[in-house]
Amino acid sequence: MFRKGEYVIYGNNGICCIEEIGVPRDTPLGDSGKEYYTLAPVFSSGKIYAPLDTKVFMRPILTKRQAERLISQIPHIQAEEIEGKDARALGEKYKDCLDTHQCEDLVRLIKTVYRKEKSLEESGKKLAKTEREYGNLAKELLHREFSMALEVPYEDVENYITEKVAALQK
(Lines give C-alpha, C1' and ligand atoms only; values in the text may rest on other atoms or scores of the structure.)
Protein backbone atom coordinates (compact mmCIF):
# COMPACT_ATOMS: atom_id res chain seq x y z
CA MET A 1 0.00 0.00 0.00
CA PHE A 2 1.18 3.49 -0.79
CA ARG A 3 1.21 6.45 1.60
CA LYS A 4 -0.36 9.89 1.48
CA GLY A 5 2.09 12.38 -0.04
CA GLU A 6 3.96 9.69 -2.00
CA TYR A 7 4.66 10.17 -5.70
CA VAL A 8 3.76 7.25 -7.92
CA ILE A 9 3.64 6.27 -11.58
CA TYR A 10 -0.01 5.55 -12.30
CA GLY A 11 -0.58 3.73 -15.58
CA ASN A 12 -0.23 5.99 -18.60
CA ASN A 13 -1.09 9.06 -16.52
CA GLY A 14 2.52 9.42 -15.43
CA ILE A 15 3.54 10.85 -12.08
CA CYS A 16 0.82 11.49 -9.53
CA CYS A 17 0.86 12.55 -5.91
CA ILE A 18 -1.30 10.58 -3.52
CA GLU A 19 -3.40 13.28 -1.86
CA GLU A 20 -5.78 11.10 0.13
CA ILE A 21 -6.44 7.46 0.92
CA GLY A 22 -9.92 6.43 1.94
CA VAL A 23 -13.54 6.81 0.97
CA PRO A 24 -13.74 9.87 -1.30
CA ARG A 25 -15.84 12.72 0.02
CA ASP A 26 -18.10 14.78 -2.20
CA THR A 27 -18.09 12.25 -5.06
CA PRO A 28 -20.51 9.53 -6.10
CA LEU A 29 -17.68 7.06 -5.42
CA GLY A 30 -18.06 7.65 -1.70
CA ASP A 31 -21.48 6.00 -1.77
CA SER A 32 -19.88 2.60 -2.38
CA GLY A 33 -17.91 2.71 0.86
CA LYS A 34 -14.87 1.45 -1.07
CA GLU A 35 -11.48 3.03 -0.36
CA TYR A 36 -9.61 4.88 -3.08
CA TYR A 37 -6.34 6.67 -3.67
CA THR A 38 -7.05 10.27 -4.62
CA LEU A 39 -4.30 11.06 -7.10
CA ALA A 40 -3.24 14.46 -8.41
CA PRO A 41 -1.31 14.25 -11.70
CA VAL A 42 1.88 16.32 -11.38
CA PHE A 43 2.18 17.34 -15.02
CA SER A 44 -1.50 17.81 -15.82
CA SER A 45 -4.65 18.90 -14.03
CA GLY A 46 -7.53 17.00 -12.48
CA LYS A 47 -7.99 14.25 -9.95
CA ILE A 48 -7.92 10.50 -10.36
CA TYR A 49 -9.73 8.13 -8.03
CA ALA A 50 -8.08 4.72 -8.06
CA PRO A 51 -9.41 1.85 -5.95
CA LEU A 52 -6.82 0.49 -3.52
CA ASP A 53 -7.05 -2.81 -5.38
CA THR A 54 -6.69 -1.18 -8.80
CA LYS A 55 -5.53 -3.31 -11.71
CA VAL A 56 -3.85 -0.26 -13.25
CA PHE A 57 -0.06 -0.34 -12.98
CA MET A 58 1.23 1.67 -10.02
CA ARG A 59 4.72 2.02 -8.58
CA PRO A 60 6.68 4.58 -6.56
CA ILE A 61 8.81 6.95 -8.61
CA LEU A 62 12.55 6.41 -8.58
CA THR A 63 14.52 7.64 -5.62
CA LYS A 64 17.40 10.02 -6.25
CA ARG A 65 19.84 7.18 -5.71
CA GLN A 66 18.01 4.90 -8.17
CA ALA A 67 17.91 7.68 -10.77
CA GLU A 68 21.65 8.34 -10.40
CA ARG A 69 22.36 4.62 -10.69
CA LEU A 70 20.24 4.35 -13.83
CA ILE A 71 22.03 7.31 -15.40
CA SER A 72 25.34 5.56 -14.74
CA GLN A 73 23.97 2.50 -16.56
CA ILE A 74 22.75 4.38 -19.65
CA PRO A 75 25.93 3.71 -21.67
CA HIS A 76 25.46 -0.02 -21.05
CA ILE A 77 21.78 -0.24 -21.98
CA GLN A 78 21.61 -1.54 -25.52
CA ALA A 79 19.23 -0.35 -28.21
CA GLU A 80 17.13 -3.12 -29.73
CA GLU A 81 17.69 -4.42 -33.20
CA ILE A 82 14.57 -3.44 -35.11
CA GLU A 83 13.87 -5.52 -38.18
CA GLY A 84 11.24 -4.94 -40.83
CA LYS A 85 9.24 -1.97 -41.92
CA ASP A 86 5.76 -2.92 -40.73
CA ALA A 87 4.70 0.27 -38.93
CA ARG A 88 1.97 -1.51 -37.00
CA ALA A 89 4.33 -4.20 -35.68
CA LEU A 90 6.89 -1.56 -34.73
CA GLY A 91 4.21 0.45 -32.96
CA GLU A 92 3.17 -2.63 -30.98
CA LYS A 93 6.79 -3.33 -30.03
CA TYR A 94 7.25 0.27 -28.85
CA LYS A 95 3.93 0.23 -26.99
CA ASP A 96 4.93 -2.99 -25.23
CA CYS A 97 8.12 -1.27 -24.12
CA LEU A 98 6.19 1.69 -22.70
CA ASP A 99 3.70 -0.61 -20.99
CA THR A 100 6.38 -2.10 -18.74
CA HIS A 101 6.61 1.32 -17.01
CA GLN A 102 10.28 0.58 -16.31
CA CYS A 103 12.83 3.34 -16.79
CA GLU A 104 15.42 0.96 -18.26
CA ASP A 105 12.94 0.09 -21.01
CA LEU A 106 12.33 3.79 -21.66
CA VAL A 107 16.07 4.32 -22.08
CA ARG A 108 16.22 1.32 -24.43
CA LEU A 109 13.33 2.69 -26.49
CA ILE A 110 14.89 6.16 -26.69
CA LYS A 111 18.21 4.68 -27.81
CA THR A 112 16.50 2.39 -30.34
CA VAL A 113 14.55 5.21 -31.96
CA TYR A 114 17.58 7.54 -31.91
CA ARG A 115 19.82 4.94 -33.54
CA LYS A 116 17.22 4.16 -36.18
CA GLU A 117 16.72 7.86 -36.91
CA LYS A 118 20.48 8.39 -37.38
CA SER A 119 20.72 5.34 -39.63
CA LEU A 120 17.84 6.56 -41.79
CA GLU A 121 19.33 10.07 -42.02
CA GLU A 122 22.55 8.59 -43.42
CA SER A 123 20.55 7.15 -46.29
CA GLY A 124 18.55 10.34 -46.81
CA LYS A 125 15.36 9.00 -45.22
CA LYS A 126 13.25 10.14 -42.30
CA LEU A 127 11.94 8.35 -39.26
CA ALA A 128 8.23 7.48 -39.36
CA LYS A 129 5.98 9.84 -37.41
CA THR A 130 4.76 7.03 -35.13
CA GLU A 131 8.29 6.05 -34.18
CA ARG A 132 9.22 9.66 -33.48
CA GLU A 133 6.13 10.01 -31.27
CA TYR A 134 6.98 6.88 -29.27
CA GLY A 135 10.56 8.07 -28.83
CA ASN A 136 9.37 11.51 -27.69
CA LEU A 137 6.85 9.99 -25.28
CA ALA A 138 9.48 7.70 -23.76
CA LYS A 139 11.83 10.66 -23.36
CA GLU A 140 9.11 12.79 -21.77
CA LEU A 141 8.15 10.06 -19.28
CA LEU A 142 11.77 9.37 -18.36
CA HIS A 143 12.73 13.03 -18.03
CA ARG A 144 9.69 13.81 -15.90
CA GLU A 145 10.56 11.02 -13.51
CA PHE A 146 14.22 12.07 -13.39
CA SER A 147 13.13 15.67 -12.81
CA MET A 148 11.11 14.66 -9.75
CA ALA A 149 13.65 12.16 -8.40
CA LEU A 150 16.70 14.37 -8.89
CA GLU A 151 14.96 17.66 -8.08
CA VAL A 152 16.19 19.09 -11.38
CA PRO A 153 13.95 21.33 -13.50
CA TYR A 154 12.41 19.32 -16.35
CA GLU A 155 13.99 21.49 -19.02
CA ASP A 156 17.46 20.83 -17.52
CA VAL A 157 17.21 17.04 -17.31
CA GLU A 158 18.65 16.28 -20.76
CA ASN A 159 21.76 18.38 -20.08
CA TYR A 160 22.07 16.84 -16.62
CA ILE A 161 22.03 13.32 -18.11
CA THR A 162 24.45 14.27 -20.89
CA GLU A 163 26.94 15.77 -18.43
CA LYS A 164 26.75 12.81 -16.04
CA VAL A 165 27.21 10.25 -18.83
CA ALA A 166 30.10 12.26 -20.33
CA ALA A 167 31.80 12.41 -16.93
CA LEU A 168 31.49 8.63 -16.58
CA GLN A 169 33.16 8.06 -19.93
CA LYS A 170 36.30 10.06 -19.06
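Located above this text is the structure these notes cover.
Conventions adopted
- Residues numbered from 1 in each chain as written.
- Predicted model: local features only at pLDDT ≥ 70, side-chain atom pairs only at ≥ 80, totals over all residues.
- Heavy atoms only, no water.
- Helix = DSSP H or I, 4+ residues; strand = E, 2+ residues; numbered from the N terminus.
- Buried < 20%, exposed > 50% of the residue type's maximum accessible area, 1.4 Å probe, protein only.
- Contact = heavy atoms within 4.5 Å.
- Pairing = 2+ DSSP bridges.
- Axes fitted to C-alpha atoms, helices over the stretch in contact; angles between N-to-C directions.
- Polar contact = N/O pair within 3.5 Å; in protein donor to acceptor, adjacent residues only side chain to side chain.
- Disulfide = S-S within 2.5 Å.
- Patch = residues over 30% accessible without salt bridge, like charges linked within 9 Å, V, L, I, M, F, W, Y side chains within 5 Å.
- Areas by Shrake-Rupley, 256 points an atom, 1.4 Å probe, with all protein chains shown as cover.
- Salt bridge = Lys/Arg side-chain N within 4 Å of Asp/Glu carboxyl O.
- Parallel < 35°, antiparallel > 145°, perpendicular 65-115°, else oblique.
- Left-handed = near helix turned anticlockwise from the far one by under 90°.
- Nonpolar A, V, L, I, M, F, W, Y, C, P; charged D, E, K, R; others polar.

**Q** Sorry, what's going on with the overall build of the protein here?
**A** In terms of helices and strands, the protein carries five helices and five strands. Reading the helices (α) and strands (β) of the protein from amino to carboxyl end gives β-β-β-β-β-α-α-α-α-α. In terms of overall dimensions, the protein has a C-alpha envelope of 60 × 40 × 25 Å along the principal axes. Residues classed as buried in the protein amount to 40% of the 170 residues present. Residue pairs in contact within the protein that sit at least 24 positions apart in sequence constitute 54% of those at least 6 positions apart.

**Q** Help me understand the sheet that holds strand 2 (residues 15–22) in this model?
**A** Remark on secondary structure: sheet strands pair via backbone hydrogen bonds, oriented parallel or antiparallel. Read from one edge of the open sheet, five strands run 4-3-2-1-5, paired in antiparallel fashion. Each having just a single partner strand, strand 4 (48–51) and strand 5 (58–60) make up the two edges of the open sheet. Between one strand and the next, the sheet's axes are offset by a mean angle of 40°, whatever the strand orientation. For strand 2 and strand 3 (residues 36–41), the ladder comprises six bridges, and the chain directions are antiparallel. Paired with I21 across the strands is Y37, a residue of strand 3.

**Q** What am I meant to see in the side chain of E145 here?
**A** Here E145 shows up in helix 4 (residues 129–150). Side-chain polar atoms of E145 contact the side chain of R59, separated by 2.7 Å. With near-sequence residues (within four places) excluded, E145 lies in contact with I9, I15, R59, P60, I61, L62 and C103.

**Q** What should I look at first to understand the state of the cysteines in this one?
**A** Simply put, disulfide is the name for a covalent bond between the sulfur atoms of two cysteines. Taken as a whole and judged by the stated rule, the model has zero disulfides. Just so you know, C97 is unpaired, no disulfide at all, and the nearest cysteine sulfur is the one on C103, 11 Å from it. Since its relative accessible area comes to 2%, C103 is described here as buried.

**Q** Sorry, what's going on with a nonpolar patch on the surface here?
**A** Together, Y7, V42, F43 and Y154 give the surface a local cluster of nonpolar side chains, amounting to about 310 Å² of exposed area. Residue classification places Y154 among the partly exposed positions, given a relative accessible area of 33%.

**Q** Looking at this model, I keep getting lost on the packing of helix 3 (residues 103–122) against helix 4. Mind explaining?
**A** The description of two packed helices rests on the angle between their axes and on the distance between the axes. It is at 9 Å that the axes of helix 3 and helix 4 come closest, and there the two elements cross at 140°. In terms of their interaxial angle, helix 3 and helix 4 are classed as oblique. Here the hand of the crossing between helix 3 and helix 4 comes out left-handed. Touching C103, L106, V107, L109, I110, V113, K116 and E117 of helix 3 are E131, R132, Y134, G135, A138, K139, L141, L142 and E145, all from helix 4. Per-class residue counts for the contact of helix 3 with helix 4 are ten nonpolar, one polar and six charged.

**Q** What should I look at first to understand the pairing of strand 1 (residues 7–10) in this one?
**A** The side chains of a regular strand alternate, first on one face of the sheet and then on the other. In the sheet, strand 1 pairs with strand 2 via three bridges, with the strands oriented antiparallel. Residue pairing across strands places I9 opposite I15, the latter belonging to strand 2. In the sheet, strand 1 pairs with strand 5 via three bridges, with the strands oriented antiparallel. Each bridged residue has a counterpart across the sheet, and for V8 the counterpart in strand 5 is P60.

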